Each structure stands twice: as C-alpha cells, then as structure tokens.
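What follows is each chain in one-letter form.
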Amino acid sequence: MDDLTREFLIESQEGLDRMERCLTDLEERPQDKELLGEIFRSVHTIKGTTGFLGFKRLEKLAHAGENLLGQLRDGKITAGATVITALLHLLDGLRELLKAIEAGGSEGSGDDSDLIARLEELQAPAQPAKAREVAAVRHAHATPVIKVTEPMAAPVAIAASAAPPEPAETATLTPAEASKARNQAATAESTLRVDVTLLNRMMNLVGELVLTRNQVLQATAADPNMTLLSRRLDMVTADLRESVMKARMQPVSNVFSKMPRLVRDLTHALGRRARLQMEGQETELDKSLLEAIKDPLTHAVRNSLDHGIEPPAVREAAGKDPEGTLSLRAVQEGSHVVVEVSDDGAGIAPEKIRSKAIERGLVTPERAAQMGERELLQLIFLPGFSTAAQVTNVSGRGVGMDVVRTNVEKIGGKVEVDSHVGQGTTLRMRIPLTLAIIPALIVRSIGQSFALPQGALSELVHIPPERAATAIEWMEGAPLYRLRGHMLPLVFLDRLLMPGRECRLATDRDNFICVLDADGRRFGLVVDSLADPEEIVVKPLSAVLKDIGLFSGATVLGNADLALILDPGSIALQTGVSISNEEESAQAVDDESEAARMRYLLVEVAGRQAAVPLADVLRIEQLPFSRIEYIGYRPVLNFEGQLLPVEDSGGILAAAQADPQTPVVVVICRDGNRHVGIAVSHVLDVTSGNNLFEAGTGTRTEGVTLLKERVTNVVDLGGVPPLPATEDAPESRQETAEVLG
Amino acid sequence: MSRSGSASHRKQKSESLVEVCSVRVDKTLFGIPIQHILEIVGSTRPQPIPLAPGFVGGLIHYRGDVLTTVRLRYLLELPPLDGPQDILVLESAGGIFGLLVDSVGEVLTVSSVDYEPTPSILDERRRALLDGAYKLKDRLLVMLDPERLDPARLGAVRAA
C-alpha cells in the first residue's frame, strides 16, 4: 500500500471517529450548525480524496451521504432519529469499505445501492412538492422496498458529555473539549504521527536508562565529585522518562467516544431508555492500556444496559425516572486511573448471586452460606457466572465479567464492584498509568531482596526486638497482629518462601510488617528488613516461574541485584486470607480517619519535641545535606520535580552545612495545596494526642497537644513562608551551571 | 540447520560440517550447535528463586531482560556445584534462556560423517535430553538440543 493511501485511511478513520461522536451529539441538539458542519466535512473529505485515489464504491457512497448532509446543513430537513440511524449506517458502510481497503488494498465487490437509495430517499421529506416529485421519480423503484424501522416510539435521548446534568463538573469540561476539537485542525501542523512500535522501543530503552541511572546513583553516592553529575543524570532521566511516557498518553475520550453509539444501539435493541453521562474524558492513559480497557469497558456498558437498567415500565413502577442513567467516569488517583461505569438500575441481589453460584457449582452451599455481601459480589467475576434469567444476544453468556476482570488484571489493574439493590451498580476499574515502571518498596527476606508494589502497601509497622516476643497473638496456630484494635492476619515471607520454617519474630533484630491490601484482602507481610523505595522496571518472568504464583515479575535493582516482584493478591489467595467484611472495613476506615485526625508524628528538633499532624505527613526523607539547595538564604528541596521550602527553625540544616554528606531528615508535609519540608533531628514516634483545654474557660488551645504526657508544640505548617514567586528556578540553575562550568 | 543437519544426515551420507560449542559438565563433554547460542556469560551466580522447580538455576540479567536459567547438572542428576558457573544464553522456539554448565570450552567443527544417534541403552531421562553424539578423536561430543532444554518445555514435562 502506498503512503498516500495509508495516509488517506488514517485520516478518514479519524474523520469517521469524529463523525460518530458528533452524530450522537446531534440527536440531542439537531439544530447545532457546528456539529452538522463537522459531520459534513468528514464525509466531504473522504469523497474528495477517494475520487483522486480511484475508490469508486467509496466515492459513490460518500457522495450520497454528502447530499443528505448538505440538506441537513442548509436546514432543509431536520435530523430526526431516522435520519441519524441512516447516517450511522452510512458511517458503518464507509468504515467497512475502509477496512477492506486496509486489508486488501481494494474495496471489494459489494453492493451499496440499498444504503445509497435509503440516503437519497431521506433527502425528500421536508422538500417542497416539486422537489419531492423529482426525488420520488428518481427513486420510485426504491421507495416501496425501504422500511426504516425505529423500534422505539418514545424519544430516545442519549446525551454525551454535552448534556449538563451535573452542572459543576460536566459543564466545565464541555467547553474545553469543544475547543479542543476545534483546535485539532489548528494543531495538525505541529504534530506528527509516530509508529507505536518505535514508541514501545523508546519506552524499553528508557526503562534500561532508569536501571542504569539507579546503578550509577548507588555507585556514585559516596563520591562527592560525582554528586552534581549524577544528580543531573537523575533529573534528565526523570524528564526523559516522563516525556516518553507522555508521548504514549492518550485521553480516555478515545475509548469513551465509542460509547454513545454503543449505548444508542443497545438501548434500541433492548427496549431501554438510558442517558449516558461522561466525565473526565481528558484523563490520559498509556496507549496500550487504553487499548486493553476497551473491551472490558464495552462489556461493562453492555452489562449495565442489559442487566442493570430496567425496562422503562419497570422503572416507572418502582418510582424511578423511566430514563436510566449510565455514567462513565475517569479520574486520575496518584499513579492510577480509575474508570467507573455506574448505573442507577436494579442492582445485584446478593441472594441471587448466592443461589446462582451454588446452582452453577461455583461454590459449595456451606461456603456460600458463610459469605458476606461483599464477598458474594466478587463471585460475579468467576468464569461461567451469569445471573441473567435469559440469555440475550447482548450479554448473558456468562463471559462478560470474567473477561472484564481477566483483561484488567492482565495489565496490573483491579476491578471492584459495588451494588445496592434497587439503586444501581458501580463497576470500578483501577488501571495503572503505565505498565513498565512502578514504584515499589524493596524488602529483604531469606537473604534476598524482593520488590513490593507500593500500590498494595497501606502502611508499615516496625516491631523492635524487645517487643518481638509479645507482639503476635495466636489463634489456633494462626498468627495475628493487633493493629489499632483490629486483628490483622500475618503472613511470614520467609516461611512462605521456605516452607517448614517457624513463624516467629526475631528477638535479636528489628522486624517489619508490611500492611497490604490486595483486592480487599488485608494482611500483614512480615519481612526481615526494609531497603529503600525504588522505581522499578518490570520484567516479565518465564511461564515456569509465573506458575509458582507468588511473583508477578522481576526487576533489576540499583545495586544491580535482581529482585522478584511479589504479587500481594496471589499471596493473599495462596495463604487463604479472605476478603474482609464490608462492615468491618468500613468501620476500620472510619476509625482510621478519626484516629488520624488526632494522631501526630512526634519529632525531635534540636533537643525539643514537636509534633506534625500525621494526616499531613506525605513522606519522611533522609537525604544528604547536598540535596538541599538555597534560594538566597532560604533552604529548598527538589522533591519529585517540585521545589518545596524547608523550614529550619531548629538550625539543623545550618549545623549540617559543614559536610555535604551529612544526612538530614526532612518531613515532607501537605499544607493545603502546597508541600513544605520540615528539617528535624529525629523522628521519634507516631502517637495519639489529646487536645488541651484551658483551665476554667474550657477553650481548646491552639498549636499545642498532649503527647506522651508532655505538652508538645504542633508545627504550624501554614506558618512556613512561601517561596519567592519567580526568581527561584533560574537562580538555582545558575548555581549548578557555574559549578559545572 | 544444526539439528536438522544432524537428523537429515542419518538419511544422506554426504559429508557436511557443523560448528559446535563444547561445554563440560562433570566428566562429559557436551556440544551445542552455535546457531542457538546468543552469548556466553562467564562465572555468574544467578539469583535464586524460592519455590522454583529444581531444574531452574535462578535468574540472570541479560541485556535488559531477566532470563530463567536451567541447571544441566540437575537434569543429569548430578550433585550441584558450588561457586559461580558459566552460562550459555540460548535461543529456542519458545524464547531466550540461560543454561548453567561447569565450564565452556572451545568451538569445534565436526563432520556429519562422525555422527551417531543416541544409543537406546541410555535411561529415559537422558535420552529425552540428548541428540546423538559426534565421535571425536579420543572421546565423544554428546549433543544437546536447546529446544528440549527450554524451561517452558521442561516445566510442561514436569507437570505432565
């Protein structure tokens, strides 16, 4: 295939994608001139280019469509459901032809006269009598054959993101998207198409570079002469990595935009009425991941329409709006993107799941009887499970949810389902932003390093040797740890990896419990020691090793050691950790947030105790003094690419100045929208504080709390003055440049 | 061409030359056709993998990939060797893997005329791994087939 044809195919497909989006919008706003113009242009461009390339079938079909669209644009006819259905068929027809050209280089020898005739037929209705006559004469032969069937008598409203049901959120997005579409043409010149395989290769190479950087950083850590160079390497690598990753990012709207059409078709086929709401379409995701969620998302939407949203009559009888709402939402949460499909349909009855699961032999009746609501809901992800009373051609073959989970887990994501009978169901997919590089904590056990993905890690518990003997409680041989009043099942990593070892904490050294949450299964993983957190590049394992079922991959660490990546979900399954009860975990969350409000990180600053509210603490960093830079006299820290002011009221940094290698401890805190660092001498403990009240007045005192029986100052984060607005970056750069030069 | 070379040789008697890398394990001299060898990594200690099947010798880092290695000693029911070993990075239909051997020797050019199929008196286990032998002047060069050493295949055989 020559370049010209290839280019034509890509452009036409993009045009048709745009057209599809516009068409579903058009149903909502039939008078929108801009939409009509956009659709007309897509078809017109195809017609124009195709004549030039000599694709006759395509040209004829596009021509017929263009005529109809021309009349629509000129306001001679209005875009009713019939017209839009026909235009969607035109779209399908054009796509099919393009597909055939892409596959075989030619259009094939099909016949489009039915579709063309139908498009021409539609041109007539609103015309004055004379024109209609002409049209009728021209297509007299076609008229009786055509039956334009609309299964739904009621108007089917399918609103894309354009519909403003949630004024605050959606309304702000829509103009941005609209202008984005308009700008698309303008930006065409400053963008270029890149082969995905090239991007993949770049991503691999960047992965290698990250590994090498980690090794260089570790190797040069002791050499002060190399500090600047390695820091620069660190920054450039981070920037490069981010850029390559960004190059692979695409907005989820690329996948979401297929949904209005799907919803339109399905609601017609199933006799449902549904409004589609989409939110967060600008959220970006790695291209390969976006591809991977396309199928699960389609399945989820199908399921919602087929099993979730009830027929209009049933909804009305239940006192609901006969038109159901299906919403798609994408939002970035840290290193994940959460994609939610929720409906306000019938919900999933746990009892139905129970009986169906038993009937299908997926669980034993005894086991099913013990299961809580949340655990029962998870059963819908089992292969061969389907609760639809009738198998329809849309869904109900018992493959849907199973496929959803498999596909999402294959890319390192998670699926959760939440359902309330009569109120609806929400399916939540958590997708990692990128496949290849993940943050992980390196832990040690049986003399080896292992990587624990940070995503599953909720907290770390340190058990000093003197508490080792009494820290664990036993219930019939099962080790448990009491974490803030809740029993946390423990898994000993050494015992797991070397069966036959005794489960006990070492009394001659520190012990660490990594509190993990994998798919709602909470447990503590006991490891020998903790090493640094590292960004690891995930390398696949051979099938033989994957079969062990504890490792999800391997990675090369900064010290050039290999480490296996632990898979918390599989460990939970292998060791029989069950899903915690919904009530219990909800309770725990409440307790935790309640407790967090009054919990403080106790630190020592130059001999005095001070406290930082634990909820505001993001991270505790121990780093060499050389990492601290100065803007004028103000110490600042470059933390994950952001500059943050470091508060040094205790003069700790000043004291460390003599030797650039002196380790300093900086507590990084959140203060509203900004981050600030607090230089401290030591971190002492995490402890609960009691508010102090002034004797007599009962007024709560500000800024102090009672910690460990001592009145302790609470660090006033808001009191850390902000950095000067503009001069910061150039100044510190200049400094670096001078030293390097 | 190596394997098919040795196999097809059984039918036609015309002489063809095969280049073979010789490796030593215990007292035996083994040969692997060089076409399958990507690289020889000297004295390496692979990272052990807890709970892995016995034939797996651990992981090594090879050009950005993490490779599973196979212990030839284990397959031949020989006691494990302490200390670092040489590793051949091999390519089979299923992918790339490492083969742990005692030491790697020189590359020999052998003639198809000297080829002998694996004798039937060998035990089942060895017969499954070996692919005949070439008669050298003073000893035998026992041929290994990379396809049969592929960890994925060994894993499947073990499971069956």
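Think of each chain on its own: its residues are numbered from 1, step by step along the sequence as written. Written order decides the labels, with chains lettered from A and ligands numbered from 1. At least 70 in pLDDT is required for a residue's local features to be given in this predicted model, at least 80 for side-chain atom pairs to be given and counted, and no such filter applies to totals for whole chains, interfaces and linings, which use all residues. Note: side-chain values were computed over all heavy atoms of the structure, leaving out hydrogens and water.

Colleague: Before we move on, could you go through the overall build of chain A and cite the residues and values that matter?
Modeller: Secondary structure follows DSSP: runs of H or I at least 4 residues long count as helices, runs of E at least 2 residues long count as strands, and numbering of each begins at the N terminus. A tally of helices and strands in chain A yields 24 helices and 29 strands. Between buried and exposed lies partly exposed: a residue is buried under 20% and exposed over 50% of the maximum accessible area for its type, with that area taken using a 1.4 Å probe on protein chains only. Counting across all 741 residues of chain A, residues that qualify as buried make up 45%. Contacts were defined at the residue level, with two residues in contact if any of their heavy atoms lie within 4.5 Å. Taking all contacts inside chain A whose residues are at least 6 apart in sequence as the whole, residues at least 24 apart take part in 68%. Each accessible area is a Shrake-Rupley estimate made with a 1.4 Å probe; only the visible protein chains count as cover when residues are assessed. When the accessible area of chain A is evaluated, it comes to approximately 36,500 Å², of which 52% is carbon and sulfur surface.

Colleague: For the overall build of chain B, give the residues involved together with the corresponding values.
Modeller: A count of helices and strands for chain B gives five helices and 11 strands. Put simply, of all contacts in chain B between residues at least 6 apart along the chain, 58% involve residues at least 24 apart.

Colleague: Can you explain the interface of chain A and chain B? Please cite residues and give values.
Modeller: On the side of chain B, 19 residues touch chain A, which itself brings 22 residues to the contact. A combined buried area of about 1,600 Å² lies between chain A and chain B, and 73% of that area is made up of carbon and sulfur atoms. Broken down residue by residue, the surface that chain A buries against chain B is led by A:Val544, A:Leu545 and A:Leu562, which jointly contribute 37%. By definition, a salt bridge exists where a carboxyl oxygen of Asp or Glu is found within 4 Å of a side-chain nitrogen of Lys or Arg. Between chain A and chain B we count zero salt bridges in total. Classification used: nonpolar for Ala, Val, Leu, Ile, Met, Phe, Trp, Tyr, Cys and Pro, charged for Asp, Glu, Lys and Arg, polar for all others including Gly. Along the lines of polarity and charge, the residues of the side of chain A that touches chain B split into 17 nonpolar, three polar and two charged. We define buried area as the total accessible area lost by two parts upon association, computed with a 1.4 Å probe and summed across both.

Colleague: Please give an account of helix α5 (residues 113-123) of chain A that cites residues and values.
Modeller: Residue and element names in this part refer to chain A. A large share of α5 lies buried, amounting to eight of its 11 residues. Among all positions of α5, only Leu115, Ile116, Ala117, Arg118, Leu119, Glu120, Leu122 and Gln123 are buried. Residues of α5 that are buried make contact with α3 (56-73) and α4 (81-104).

Colleague: Run through a nonpolar patch on the surface, naming residues and quoting values.
Modeller: All names here are of chain A. A contiguous nonpolar patch, built from Leu192, Val194, Leu198 and Met202 and spanning about 380 Å² of accessible area, is present on the exposed surface. Positionally, Leu192 belongs in the loop between α7 (167-187) and α8 (196-220). In this structure Leu192 comes out as exposed when scored by relative accessible area, which is 72%. Exposure above 30% relative accessible area and the absence of a salt bridge qualify a residue for a patch, where like charges join within 9 Å and nonpolar side chains (Val, Leu, Ile, Met, Phe, Trp, Tyr) within 5 Å.

Colleague: Would you mind going over the sheet that holds strand β1 (residues 17-25) of chain B in detail, with residue names and values included?
Modeller: Residue and element names in this part refer to chain B. Taken together, the six strands give an open sheet; going across it, the order is β8-β1-β2-β11-β10-β9, and neighbouring strands pair in mixed fashion. Of all strands in the sheet, those bounded by a partner on one side alone are β8 (103-111) and β9 (115-116). Relative to strand β2 (residues 28-33), β1 is paired through six bridges, and the arrangement is antiparallel. Note on β2: the bridge partner recorded for Val25 is Thr28. Strand pairing requires that DSSP identify at least two bridges connecting the strands.

Colleague: Got a sec to walk through the packing of helix α1 (residues 3-28) of chain A against helix α2 (residues 33-53) of chain A? Specific residues and values, please.
Modeller: Residue and element names in this part refer to chain A. Relative orientation of the contacting elements α1 and α2 amounts to 155°, with a least axis distance of 9 Å. Taken together, the axis directions place α1 and α2 in an arrangement best described as roughly antiparallel. Note that α1 runs across α2; the crossing there is left-handed. Residues Leu4, Thr5, Phe8, Ser12, Gly15, Leu16, Arg18, Met19, Cys22, Leu23, Asp25 and Leu26 of α1 form the contact with α2, whose own contacting residues are Leu35, Leu36, Glu38, Ile39, Ser42, Val43, Ile46, Thr49, Thr50, Phe52 and Leu53. Tallied by class, residues from the contact of α1 with α2 come to 14 nonpolar, six polar and three charged. In this description, a line fitted to the C-alpha atoms serves as the axis of each element, helices being fitted only across the stretch in contact, and the angle between N-to-C directions of two axes falls anywhere from 0 to 180 degrees. Note on terminology: angles under 35 degrees are roughly parallel, angles over 145 are roughly antiparallel, angles of 65 to 115 are roughly perpendicular, and the others are oblique. Handedness of a crossing is defined here by the sense of rotation of the near helix relative to the far one, left-handed for an anticlockwise turn of less than a right angle and right-handed for a clockwise turn.

Colleague: Tell me about the pattern of salt bridges, residues and numbers included.
Modeller: Residue and element names in this part refer to chain A. All chains considered together, the criterion is met by 32 salt bridges over all chains. Note that Glu340 is salt-bridged to Arg428, the shortest N-O span being 2.9 Å. One end of the pair, Glu340, is in strand β5 (residues 336-343); the other, Arg428, is in strand β7 (residues 424-432), and 88 residues separate them in sequence. Classification of Glu340 as buried rests on a relative accessible area of 13%. Residues joined in a network through salt bridges with shared partners are Asp17, Glu20, Asp92, Arg95, Lys258, Arg261 and Asp265.

Colleague: Describe the sheet that holds strand β9 (residues 448-453) of chain A, listing the residues and the values that go with them.
Modeller: What holds strands together in a sheet is hydrogen bonding between their backbones, with the strands either parallel or antiparallel. Residues and elements named next belong to chain A. Within the open sheet, the five strands sit side by side as β16-β8-β9-β18-β17. Their pairing is mixed. On the outer flanks of this sheet lie β16 (529-537) and β17 (551-556), each paired with one strand and no other. Averaged over neighbouring strand pairs, the angle between their axes works out to 35° when direction is ignored. Two elements, β17 and strand β18 (residues 562-566), share five bridges in a ladder whose sense is antiparallel. Bridge pairing links Phe551 to Leu566 in β18. Sheet strands in contact with α8 are β8 (437-445), β16 and β17, and its direction is about 145° off that of β16.

Colleague: I'd like to hear about the pairing of β18(A), residue by residue, with values.
Modeller: Residue and element names in this part refer to chain A. Burial analysis of β18 places five of its five residues in the buried class, which makes it a mostly covered element. Here β18 shows two buried faces, one formed by Leu562, Leu564 and Leu566 and the other by Ala563 and Ile565. Here β17 hands over to β18 after five residues, with Ala560 in that stretch at a positive phi of 70°.

Colleague: Tell me what's going on with the side chain of A:Glu340, and back it up with residues and numbers.
Modeller: What qualifies as a polar contact is a pair of N or O atoms within 3.5 Å, subject to a donor-acceptor requirement within protein and to the restriction that residues adjacent in sequence count only when both atoms come from side chains. Among the polar contacts listed, one links the side chain of A:Glu340 to the side chain of A:Arg428, at a separation of 2.9 Å. Excluding its chain neighbours within four sequence positions, the residues that come into contact with A:Glu340 are A:Ser327, A:Leu328, A:Arg329, A:Thr426, A:Leu427 and A:Arg428.

Colleague: I'd like a description of the environment of A:Met203, backed by residues and values.
Modeller: Counting through the fold element by element, A:Met203 comes out in helix α8. Owing to a relative accessible area of 6%, A:Met203 belongs among the buried residues under this scheme.

Colleague: Give a detailed account of the nonpolar core, specifying residues and quantitative values.
Modeller: Here, the term nonpolar core denotes a set of buried Ala, Val, Leu, Ile, Met, Phe, Trp, Tyr and Cys residues that are joined through side-chain atoms within 4.5 Å. Formed by 65 residues in total, the largest nonpolar core has its most connected members in A:Leu525, A:Phe551, B:Leu72 and B:Leu99. Among the elements that make up this core, the one with the highest residue count is α8(A) (four residues). Counting 49 residues, the second largest nonpolar core, distinct from the first, contains A:Val255, A:Leu270, A:Leu328 and A:Val339.

Colleague: An account of the environment of A:Val255 is needed here, citing residue identities and associated values.
Modeller: Residues and elements named next belong to chain A. The topology assignment puts Val255 in helix α10 (residues 253-256). For Val255, a relative accessible area of 3% translates into the label buried. Between the alpha carbons of Val255 and Thr298 there is a distance of 9.3 Å; along the sequence they are 43 residues apart. Non-local contacts of Val255, meaning those with residues more than four positions away in its chain, are made with Leu290, Lys294 and Leu297.

Colleague: Which residues make up the confidence of the model for chain B, and what values do they have?
Modeller: Residue and element names in this part refer to chain B. Confidence of the prediction at every residue is given by pLDDT, a number between 0 and 100. Looking at chain B, the pLDDT average stands at 83 and 89% of residues meet or exceed 70. Within chain B, helix α1 (residues 2-9) has the poorest average pLDDT of any element, 46, and β2 the best, 92. When the criterion is pLDDT under 50, residues 1-11 qualifies, and its contacts beyond four places in sequence or with other chains add up to 19 contacts. Here the predicted complex carries an ipTM of 0.82, next to a pTM of 0.53.

Colleague: Residue-level account of the packing of aromatic side chains, with values.
Modeller: Residues and elements named next belong to chain A. Aromatic pairing here means that ring centres of Phe, Tyr or Trp (its six-membered ring) are within 6.5 Å. Orientation follows from the plane angle: under 30 degrees is stacked, over 60 is edge-to-face, and everything else is tilted. Evaluated as defined, the whole model comprises four aromatic pairs over all chains. Centre to centre, the rings of Phe8 and Phe55 are 6.2 Å apart; their planes meet at 20°, and the pair counts as stacked. Here Phe8 is found in helix α1, whereas its partner Phe55 is found in the loop between α2 and α3, with 47 residues between them in sequence. Between Phe450 and Phe551, the aromatic rings sit 6.4 Å apart at their centres with planes inclined by 10°, giving stacked as the arrangement. A residue pair is termed long-range when its members are at least 10 positions apart, and Phe450 in strand β9 and Phe551 in strand β17 qualify at 101 residues.

Colleague: Account for the side chain of A:Thr425, with residues named and values stated.
Modeller: Residue and element names in this part refer to chain A. Within the element layout of this structure, Thr425 appears in strand β7. The class for Thr425 is buried, based on a relative accessible area of 11%. Once residues lying within four places of it in the same chain are set aside, the contact partners of Thr425 are Val341, Ser342, Asp343, Gly347, Ile348, Val417, Asp418 and Ser419.

Colleague: Let's hear about unusual backbone geometry: which residues, and what values?
Modeller: Residues and elements named next belong to chain B. Positive phi values are uncommon outside glycine, yet Asp26 reaches one of about 55°. Inspection of the secondary structure puts Asp26 in the loop between β1 and β2. The phi angle at Glu77 is positive, at roughly 60°, despite the residue not being glycine.

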